[in-house]
Structure formats: structure tokens, C-alpha cells
Amino acid sequence: MQRPPQEDFSLKETKPHLGGGKVTGDKLTSTYDLVEQMQYLYVRVVKAKDLPGKDLTGSLDPYVEVRLGNYRGTTRHFEKKSNPEWSQVFAFSKDRIQASVLEVNVKDKDVVKDDFVGRVMLDLNEVPKRVPPDSPLAPQWYRLEDRNGNKVRGELMLAVWMGTQADEAFPESWHSDAATVSGADALANIRSKVYLSPKLWYLRVNVIEAQDLIPCDRSRFPEVYVKAILGNQALRTRVSMSKTINPMWNEDLMFVAAEPFEEPLILSVEDRVAPNKDEVLGRCAIPLQYIDRRLDHRPINSKWYNLEKHIIVEGEKKKEIKFASRIHMRLYLEGGYHVLDESTHYSSDLRPTAKQLWKSSIGILELGILNATGLSPMKTKDGRATTDAYCVAKYGQKWVRTRTIIDSFAPKWNEQYTWEVFDPCTVITIGVFDNCHLHGGDKPGGARDSRIGKVRIRLSTLETDRVYTHSYPLLVLHPTGVKKMGEIHLAVRFTCSSLMNMMHMYSHPLLPKMHYIHPLTVTQLDSLRHQATQIVSMRLSRAEPPLRKEIVEYMLDVGSHMWSMRRSKANFFRIMGVLGGLIAIGRWFDQICNWKNPITTVLIHILFLILVLYPELILPTIFLYLFLIGVWYYRWRPRNPPHMDTRLSCADNAHPDELDEEFDTFPTSRPPDIVRMRYDRLRSIAGRIQTVVGDLATQGERLQSLLSWRDPRATALFVIFCLIAAIVLYVTPFQVVALLTGFYVLRHPRFRHKLPSAPLNFFRRLPARTDCML
């Protein structure tokens, strides 16, 4: 496989003409200040009155046809109505207007040929301009004319104006760019939309004991367990050790529940009669709306629930209510945790579920999705290659979807979106997809929207109040290797409301305190994350228009934990990159020991002598040295946001067999059966090793980022700390510092806090090169 040139995968800084050029310093003044202005002719068809009848019966099935040169848009028609109301808006791109007159025709829908009722002709030179926040233009009544310009019976209410994509009529309007798309479902599929993820809760089911169970076979000791089902999640307790009709468990089961709570929690107590045969001893259904909600770690009161036993009588299920068995449980929705529904490396939201625990926002993130260039053909239509591209951006609970640009390899969206930011150490993900649903209606097992590529941007790597305009490569890994599918042009600005609040965030834990006071196990978190992603993808795919499952899973990096030889190699090289600095120091020290440079060696001898004679200078000298290095590195600080790096990801020279393994199904589809079993086991174990290796690399890269200015605020904090530490340690006797440090490290557990310390929180918030991993 020929290796593509490296410059194809690079990030390019651009100088677009944003906001119509209204720039004041780094701030822009118009509503849509992060995108290029696009001019549109808007036509709002409101209603008509006193329309004449056309059929033999004197009735009329009216609709309006808006014509501008070669472009023609039509409203829906009404059955037998002379005073119809349409309230539809048409938008014609100014770049494509080749006519000087706008023609609005009122027609009568007919089986054979539609009858002409009347028209309104408007000169485009007379159309007024509207710039938000000006109020919308008031519509006017126009008398209808016949084809010769004579006034006829009937009037049409219209509003016509020139505006930009900042106009509130823009998202819901019919676009001349999409004139080939017809049908309400298909038009809904191409419009821009904003979606919200469902609010997710952890549901904790603490199964304590059961009482008065009635097994069918009284002659044996029952082997009882509890099975709990919520939606498509099913969990079970272990078999109770107390083999009686009053078994005990005291075991926790954890589920993910989403508002609104549509499905109840169904619990069944079952007896294992034989190895593959279980008998239901009782069942109960509990609606989640009435379950207690807990914001901290305080215990919740337990309750007894009656178990109903069902019996089959002549093929019908009936409740048996002779005697009620009971189950003792503690149920509550956990509001103090953050429900993880995306890859932990690329989290866009870290807030707890309960809104009353949220802290105030620290700033605003603005994203301008400008355009894309050089997109690859994604499908064939009428014998020619084409691409119908749209973008999806996800940050926090808010997902946005741009409109679909029909049949273009260089689409221009110029849409701007805004998010509230609660934590700077979060990531926004922008994906580009090809729309395969332009004709509405989903066939069973039908087309899936193809992925064109995605971009991730970590907010903490952005300077505040600066507009970043870059063209990002869209890279996708295929079984044949990495492929550049085009470039996407973005404008990003992170505005901070209070610099002190944001700096203070660096000392806070990343996750809510419940994750540290009552931590969940790694296995629990993996299982719960999988359930959360399934719930989010299912809910968003039920929206109208749907945000489909394949899109949500790609944006949430659902398959990132799977084994891949390429990722394992990439993580190994990341560790070697971190260790490379230590190896370089070792070589430098070896050169000093071997007197390769006598002057340097003599200076080191003098420094060593001073530090031995005056040990109190050791720590301040180290901190001063780190401060000077940090200041020295400031001139080489990264000026661009991170982007997908093919070399770091080992994607540009991956072996075809490694890619075949990465794109293999799980379980594997490779014969024979025994090899498949061993192969799957190997991949499962190696996936965990890969994660551990990646986490080790992340810690080392965070150390490197202390002085790299990758996160300008974190480096500034650390550099200032180094300066203050150097000054304090110069003044304070070394013995005092050593004593205080020793006593602090060896302090009694009573004086320790369960939450991580401020230095540890600061360290965990530092960026690593995971953002650049493909």
C-alpha cells in the first residue's frame, strides 16, 4: 500500500471573511459572526382570499407556485377552499439567482392539468433588505393578475425580502439548493435541527431479602435468586446462601434509566429447580416515577413490596392471590453521579444528573460550521457519483445537525451554534456524514448514512476569546487503510465569563464527588456506559427527523474499546515518546560523566558542590529551573487546536493484515471454531492491556503538557506556582519544609479527605495526546 503524502493530513489555518467583515478587534459584531454571510431571497406565502372557483362545481383546490428563473417551489394544496392559509417560506440563494423578476402563481390542483388562477409579479430590484435583530417584515396583500397583467378576482398575502442565514425563517424554509428533493419526510430529513440527549439516571436496586416464598416442591431446599429487568437491561443477583423460604442477598444491581420513565422495573424471584430450568415464585412491577431520588451518599429507607404469582388456567394467565410473598428492597435514583455515555477520553459533559448540584457555567462555546472541500463521492445516483453531506456536532446534552447540501463535493453550510460550558476540560466532536435518506421512509434493513470523518477539539487547548479558523482533514480508517475524505472548515471561539472561576476549576475533581466517595467498579462502569449509549442512540433515532443509530454510535466512539493491533502499537509509541525525554536526560548525564564537554562538566561539578554544601537551595533551584523552562517554551507554544494525527495513530503505515483484524467482526468470522474462540479471548484480554497502556501514556503526556502551553491556563497556573514555590523555598529553611512535608504525608487518616487533592485534580485535568488519536 503506497503511503500518502503527510501534508495531506495536516491542519491548515485560514482567513475567511466572517460575519460580513464586521470585525472589531477579535470580537465580531453580527449575530452570525463566526460564519461567512450567505444572501438569500426569502418569500413567505401566508394566505389568500376570495379566490374564484375553477371546476364545474365552482370549487377550488388551491396551491402556490413560486418561480425564480429555473427554480420552482410549491406549497401544499387544500381541498375545496377559497381562503387557504399556507404560511410557508421559500429561500433562494442569491449566488444562483439568474432572473430579475419573481413570479408567484396561484394554481388549482387538477387530475389532468393544473388550472392557472392568478399571479403576482415582483421586481427583485425593489425587494427590501432585512438584518436581524430587526423585526420580521410584515406581509402585504397583493391583487392577483392574469397572464396579460389585468387584475382578476382574489388576493394573495406575501412578504418578500433579502436576508442572510441569520434570519429565523432560514431553518424551516424550502431551499432552492434542495429543489430535487420532494415530499414532507424527505424535506424534514435535510433541514437543520437541534436535539437534546435524554436525561440519564443511575438506578440502584439494593435487594435485601424475601419472605414467605412458596416453592412448588416443598421437599427440597430452594435455590433462589432475583432477576431485575428495565427495558432491554437484565441483571440478576447471586443464588442466596440461605436456602430457605426467607432468603437473603443484600446485593446491589445498577441500571441506567432515562427520563421520561416509560418502562417500569420488573422484578421476579426465581427458584433454580434444575440446571436449565427456573421457576418463578413471584413478580412485581415498580414504576420509576415514584422512586426516591438521592443526591448524596445518605441511606434511603427500605420498603417491602408484594410479589404476585401468576398461574396458567386454560391458556390464560391469572394472578394467584391466596397468599402474598414479599420482597424487601431499597430503590433509588442516583442524582449525584454523572452517567457516562461517551468515551471517557472525549467527555463533553461531566456534571451530575441532579440539576440542583450543577455549578454555574464558566463560559460560552461558539462553533461556526463554514464549509467542506474535496469530499469523496459516497454513492451513485442516476449513473453518476454524488455526495449529500451534513454535519453533526455534539457537546454536553445538545446535539446539532446542519442542513443537508444536495449533490455537492464542496458544500457550504455557514451555520453557527452555541453551547454553555461548565468545564474547560471537555471535548466537542464534529462529524460529517452522507445523507442516504433523501426520499423519506426507511426500508427494513435499508440504507445507513455513511461516515465521512470527524473532528475533536478540546476546549482547554483553546485560548479564550480567540477565533480559531482552520481547515481540518476528515480522516476515516477503512479495511484498505486510512483515507482522507476531504476537509472541513470550522471557526471556533471559547469565551470565558470569569477567568478566576475557570482557573479555580483546575483544582476541582473531574467527576462529581459521588464517583470518589462511593466509586463504581470498572466492570460496572463499562456495562453502564454501554447501556447509556444504547438508550441515547435509541431515543435520538426516535426523534423527528431521526438522528440515526450509526451516527450516534460514531459520535460517541462506541467501538473504541475493541482490540486493535494498530491502536496498541500507537499507545506503545506514545509511551516511548514520553520515556524518550527521560532517556535523553540519561544520555546527557552520561556525556557529563564521560567529560564529552569539559566546560559543561565543570559547571555541573560547581553546581553539585553548591547544592551539597547548601541543600536548602535544591528545591528552589529545581522550581526556578522549571519556571525558566516554561517561560522559554512559551515562544513555541502550539498555536492551533489538536487534530487527527495519522502518524501518531499508526494509521498511515498499518499492515493490511492488522487492518483486516481491526475490521473483523466480534466474535470473529474467521474459521475454524476453536481458533475463533481463542482469537476472541486474545482480543478481549489485549483490549484491556491496550487501555492500560494508553492510560499510562496519558499520565506521561500530562506531565509533558505542564510546560508545553497546550492548555495555556494550566501552564500559566503551573508556571506561577513554580515562581511562588521558588520564592517561598528560598526564604524558608529547608529543614522546616522537609519536616512539614513529612508530617503532611504521614498525617493521620482522620485528617485525610476522600476526595482527590487539588494537585491531583489539576494533574487529571491536563490535556494528553488522546485528542489527536484516530
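Values in this document were obtained by computation on a predicted structure and should not be read as measured data.

### Here we look at the side chain of Glu-334
Position of Glu-334 among the secondary structure elements: in strand S22 (residues 316–334). A relative accessible area of 0% places Glu-334 in the buried class. Polar contacts involving the side chain of Glu-334 include one to the side chain of Arg-294, which spans 2.8 Å. In this structure, Glu-334 is in contact with Trp-201, Tyr-202, Arg-204, Arg-294, Asp-296, Thr-353 and Met-514, ignoring residues within four places of it in sequence.

### Focus on helix H8 (residues 618–633)
Taking 1.5 Å per residue as the helical rise, H8 with its 16 residues ought to reach 22 Å, and the 23 Å between its terminal C-alpha atoms agrees with that figure. Looking at H8, one finds that the buried residues are Pro-620, Phe-623, Phe-627 and Gly-630. Projected onto a plane normal to the axis of H8, the buried residues spread over an arc of 90° and lie on a single side. Where H8 is buried, its residues touch helix H11 (712–731).

### Focus: unusual backbone geometry
Residue Glu-259 is joined to Pro-260 through a cis peptide bond whose omega torsion reads -10°. With respect to the helices and strands, Pro-260 occurs in the loop between strand S17 (248–258) and strand S18 (265–274). Pro-545 follows Glu-544 through a cis peptide bond whose omega is 0°. Positioned with a positive phi, Asp-557 is a non-glycine residue whose angle comes to about 55°. By the secondary structure assignment, Asp-557 is in the loop between helix H5 (549–555) and helix H6 (565–593). What makes Asp-557 buried here is its relative accessible area of 13%.

### Observations regarding the sheet that holds strand S13 (residues 193–196)
A sheet is described by the order of its strands in space; here five strands give the open sequence S13-S27-S26-S29-S30, paired in antiparallel fashion. A single partner strand is all that each edge strand has here, and the edge strands are S13 and strand S30 (450–458). Strand after strand, the sheet turns through a mean of 20° between neighbouring axes, direction not considered. In this structure, strand S26 (residues 389–395) lies alongside strand S27 (residues 398–401), joined through four bridges in antiparallel fashion. Note that in S27 the partner of Tyr-395 across the bridge is Lys-398.

### Some remarks on the environment of Leu-619
Looking at the secondary structure, you find Leu-619 in helix H8. The exposure class assigned to Leu-619 is partly exposed, which follows from its relative accessible area of 31%. Between the C-alpha atom of Leu-619 and that of Leu-607, which follows or precedes it by 12 residues, the distance is 13 Å. The residues contacting Leu-619, other than those within four sequence positions of it, are Leu-729 and Phe-734.

### Observations regarding the sheet that holds strand S23 (residues 363–373)
Ordered by their spatial adjacency, five strands build an open sheet running S1-S31-S32-S23-S28, and the pairing between neighbours is antiparallel. Of all the strands in the sheet, the pair left with one neighbour each is strand S1 (12–13) and strand S28 (412–421). Strand direction decides the pairing type here: S1 and strand S31 (residues 467–478), joined by two bridges, are antiparallel. Bridging from a neighbouring strand, Glu-13 pairs with His-470 of S31.

### Some words on a nonpolar patch on the surface
On the surface, a cluster of nonpolar side chains totalling about 910 Å² of accessible area is made up of Phe-572, Phe-573, Met-576, Leu-579, Leu-582, Ile-583, Ile-585, Trp-588 and Phe-589. Counting through the fold element by element, Met-576 comes out in helix H6.

### Some points on empty space enclosed by the protein
Applying the stated criterion to the full structure yields three cavities of 30 Å³ or more. Put simply, the largest cavity is a space of about 190 Å³. Along the wall of the largest cavity there are 16 residues; nearest its centre are Leu-200, His-338, Val-339, Asp-349 and Gln-397. Of the residues that constitute the lining of the largest cavity, the class distribution is five nonpolar, five polar and six charged. A volume near 120 Å³ is recorded for the second largest cavity. Surrounding the second largest cavity, 15 residues form its lining, His-175, Ala-178, Ile-190, Arg-403 and Thr-404 being those nearest its centre. Mapped by element, the contributors of at least two residues to the lining of the second largest cavity are strand S12 (174–175) and helix H1 (184–190).

### Quick look at the pairing of strand S4 (residues 39–49)
The pairing of S4 with strand S11 (residues 151–164) spans 10 bridges and is classified as antiparallel. Paired with Tyr-40 across the bridge in S11 is Gly-163.

### Concerning the pattern of salt bridges
Under the counting rule described, the total for this entry stands at 41 salt bridges. Residue Glu-487 is joined to Lys-484 by a salt bridge in which the shortest nitrogen-to-oxygen separation is 2.7 Å. Residue Glu-487 is classed as buried on the basis of its relative accessible area of 10%. Across the pair Arg-529 and Asp-526 runs a salt bridge whose closest N-O atoms are separated by 3.2 Å. Of this pair, Arg-529 and Asp-526 both sit in helix H4 (residues 522–541), three residues apart, roughly one helical turn. Judged by relative accessible area, Asp-526 falls into the partly exposed class, the value being 43%. Residues joined in a network through salt bridges with shared partners are Glu-65, Arg-67, Arg-72 and Lys-107.

### Section: the nonpolar core
If you look at the biggest cluster of nonpolar residues, it comprises 64 residues, and the most contacted ones within it are Tyr-202, Trp-399, Ile-488 and Leu-490. Judged by nonpolar contacts, the second largest core, of 34 residues, contains Val-64, Val-66, Leu-68 and Phe-78.

### Considerations on the side chain of Thr-353
Relative to the elements of secondary structure, Thr-353 occurs in the loop between S22 and S23. Excluding residues within four positions of it along the chain, Thr-353 makes contact with Lys-199, Leu-200, Trp-201, Glu-334, Gly-335, Tyr-337, Val-339 and Trp-358.

### Quick notes on the packing of aromatic side chains
Under the defined criterion, the tally for this structure stands at 17 aromatic pairs. Ring plane angle 85° and centroid distance 5.8 Å describe the contact between Phe-433 and Tyr-554, whose orientation is recorded as edge-to-face. In this pair, Phe-433 sits in strand S29 (residues 427–434) while Tyr-554 sits in helix H5, placing the two residues 121 residues apart along the sequence. We classify Phe-433 as buried; its relative accessible area is 1%. According to the relative accessible area criterion, Tyr-554 is buried, its value standing at 10%. Ring-pair connections join several aromatic residues into one group, and the members of that group are Tyr-40, Tyr-42, Trp-161 and Phe-170.

### Brief notes about the layout of surface pockets
Size it by volume and the second largest pocket reaches roughly 1,400 Å³. What lines the second largest pocket is a set of 35 residues, among which Gly-581, Ile-585, Tyr-625, Leu-626 and Ile-629 lie closest to the centre. Only H6, helix H7 (598–613), H8 and helix H10 (673–705) provide two or more residues apiece to the lining of the second largest pocket. In terms of residue count, the dominant contributor to the lining of the second largest pocket is H6 (11 residues). Tallied by class, the residues present in the lining of the second largest pocket amount to 28 nonpolar, seven polar and no charged.

Procedures and definitions
- Residues numbered from 1 in each chain as written.
- Predicted model: local features only at pLDDT ≥ 70, side-chain atom pairs only at ≥ 80, totals over all residues.
- Heavy atoms only, no water.
- Helix = DSSP H or I, 4+ residues; strand = E, 2+ residues; numbered from the N terminus.
- Buried < 20%, exposed > 50% of the residue type's maximum accessible area, 1.4 Å probe, protein only.
- Polar contact = N/O pair within 3.5 Å; in protein donor to acceptor, adjacent residues only side chain to side chain.
- Contact = heavy atoms within 4.5 Å.
- Expected span 1.5 Å × (residues − 1).
- Arc of directions from axis to C-beta.
- Pairing = 2+ DSSP bridges.
- Axes fitted to C-alpha atoms, helices over the stretch in contact; angles between N-to-C directions.
- Patch = residues over 30% accessible without salt bridge, like charges linked within 9 Å, V, L, I, M, F, W, Y side chains within 5 Å.
- Areas by Shrake-Rupley, 256 points an atom, 1.4 Å probe, with all protein chains shown as cover.
- Salt bridge = Lys/Arg side-chain N within 4 Å of Asp/Glu carboxyl O.
- 1 Å grid on protein atoms, 1.4 Å probe; cavity = no way out; pocket = protein on both sides within 12 Å on 5 of 7 lines; lining within 4 Å.
- Points joined across faces, edges and corners; volume = space filled by probe spheres on them.
- Nonpolar A, V, L, I, M, F, W, Y, C, P; charged D, E, K, R; others polar.
- Core = buried A, V, L, I, M, F, W, Y, C linked by side-chain atoms within 4.5 Å.
- Phe/Tyr/Trp six-rings, centres within 6.5 Å; stacked < 30°, edge-to-face > 60°.

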